[in-house]
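Architecture and fold: a report
Each chain, letter by letter, is given below.
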Amino acid sequence: MEKLIHGRPYTETKKGPVFTPCAPNNILARLGDKWTILVVSILALEPERPLRFSEIRNGIPKISQRMLTLTLRNLQRDGLVLRHYFAEVPPRVEYQLTPMGRTMLPALEGFTDWIRDNWQEIEQSRQRFDAAAGS
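Residues numbered from 1 in each chain as written. Predicted model: local features only at pLDDT ≥ 70, side-chain atom pairs only at ≥ 80, totals over all residues. Heavy atoms only, no water.

**Focus on the overall build of the protein**
A tally of regular secondary structure across the protein gives six helices and six strands. Ordered by position from N to C terminus, the α and β elements of the protein give β-β-β-α-α-β-α-α-β-β-α-α. Relative to the globule expectation of 14 Å for 135 residues, the C-alpha radius of gyration of the protein, 19 Å, shows a markedly less compact shape. Principal-axis analysis of the C-alpha atoms places the extent of the protein at approximately 65 × 45 × 25 Å. Out of the 135 residues in the protein, the part that is buried amounts to 23%. Summed over all atoms, the accessible surface of the protein reaches about 10000 Å², with 57% contributed by carbon and sulfur. Both charge centroids of the protein, one from 19 positive and one from 15 negative side chains, sit 7 Å from each other. (Helix = DSSP H or I, 4+ residues; strand = E, 2+ residues; numbered from the N terminus. Rg over C-alpha atoms; globule rule 2.2 N^0.38 Å. Buried < 20%, exposed > 50% of the residue type's maximum accessible area, 1.4 Å probe, protein only. Areas by Shrake-Rupley, 256 points an atom, 1.4 Å probe, with all protein chains shown as cover. Lys, Arg positive; Asp, Glu negative; His and termini not counted. Charge placed at Lys NZ, Arg CZ, Asp CG, Glu CD.)

**Comments concerning the sheet that holds strand β4 (residues 51-52)**
Judged by pairing direction, the sheet is antiparallel, and its three strands sit side by side in the order β4-β6-β5 without closing on themselves. Both outer strands of the open sheet, β4 and β5 (81-86), are each paired with one neighbouring strand and no more. Of the strand pairs in this sheet, β5 and strand β6 (residues 92-97) are connected by six bridges, and their pairing is antiparallel. Counterpart to His84 in the pairing with β6 is Glu94. Running at roughly 90° to β6, helix α2 (residues 34-44) makes contact with β4, β5 and β6 of the sheet. (Pairing = 2+ DSSP bridges. Contact = heavy atoms within 4.5 Å. Axes fitted to C-alpha atoms, helices over the stretch in contact; angles between N-to-C directions.)

**Overview of a nonpolar patch on the surface**
Nonpolar side chains collect at one region of the surface, where Phe111, Trp114, Ile115 and Trp119 lie side by side and expose about 430 Å² of accessible area between them. Here Trp119 lies in helix α6 (residues 105-134). (Patch = residues over 30% accessible without salt bridge, like charges linked within 9 Å, V, L, I, M, F, W, Y side chains within 5 Å. Salt bridge = Lys/Arg side-chain N within 4 Å of Asp/Glu carboxyl O.)

**Description of the pattern of salt bridges**
What the rule picks out here adds up to eight salt bridges. Notably, a salt bridge pairs Glu55 with Arg49, separated by 3.4 Å at the nearest N-O pair. Since its relative accessible area comes to 33%, Glu55 is described here as partly exposed. A relative accessible area of 35% places Arg49 in the partly exposed class. A salt bridge links Arg92 to Glu88; the nearest nitrogen and oxygen atoms lie 2.9 Å apart. By sharing partners, the salt bridges in this structure join Glu46, Arg49 and Glu55 into a single network.

**Re the nonpolar core**
Counting 21 residues, the largest nonpolar core has Val39, Leu43, Ile56, Leu72 and Tyr95 as its most contacted members. Going through the elements one at a time, α2, α3 (53-58), α4 (65-77) and β6 are the ones with two or more residues in this core. The element contributing the most residues to this core is α2, with six residues. Once residues lying within four places of it in the same chain are set aside, the contact partners of Tyr95 are Leu43, Arg49, Pro50, Leu51, Phe53, Ile56, Leu72, Val81, Leu82 and Arg83. (Core = buried A, V, L, I, M, F, W, Y, C linked by side-chain atoms within 4.5 Å.)

**Some remarks on unusual backbone geometry**
A cis amide bond links Val89 to the next residue, Pro90, at an omega of -5°. By secondary structure assignment, the location of Pro90 is in the loop between β5 and β6. The phi torsion at Lys62 lies on the positive side, around 75°, for a residue other than glycine. In this structure, Lys62 sits in the loop between α3 and α4.

**Some remarks on the packing of aromatic side chains**
This structure, assessed with the given rule, holds one aromatic pair. Seen from their ring centres, Tyr10 and Phe19 are 5.3 Å apart, and the 35° between their planes marks the pair as tilted. (Phe/Tyr/Trp six-rings, centres within 6.5 Å; stacked < 30°, edge-to-face > 60°.)

Here's what the structure looks like:
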């Protein structure tokens, strides 16, 4: 019999609980990627207003042009970001969240709230673990 824990399906077996993947691993990896979270966050500042590539890049310190291009292309492929190309001189390209992309925002907010509330404790735990492993 299938059960749920925090929305995740699993089945009780003789050997214990077995979890059913809720999505392909590549989707989970993409949505949990640090650049994806930052790109979605900057596009969420004004979800109805498209942003130029340079505006996104300026708002995300240390992201390379190549990584931003790949991240935006993957988000577009997944249906989370729209790309608007304007055949001007020079060409202009703008990006914005799709309606589906905007549905991600409450989950992202919950996740980032949790991180903000717990990151210092996580860092302390890592330091304790590393110190114990080193001795």
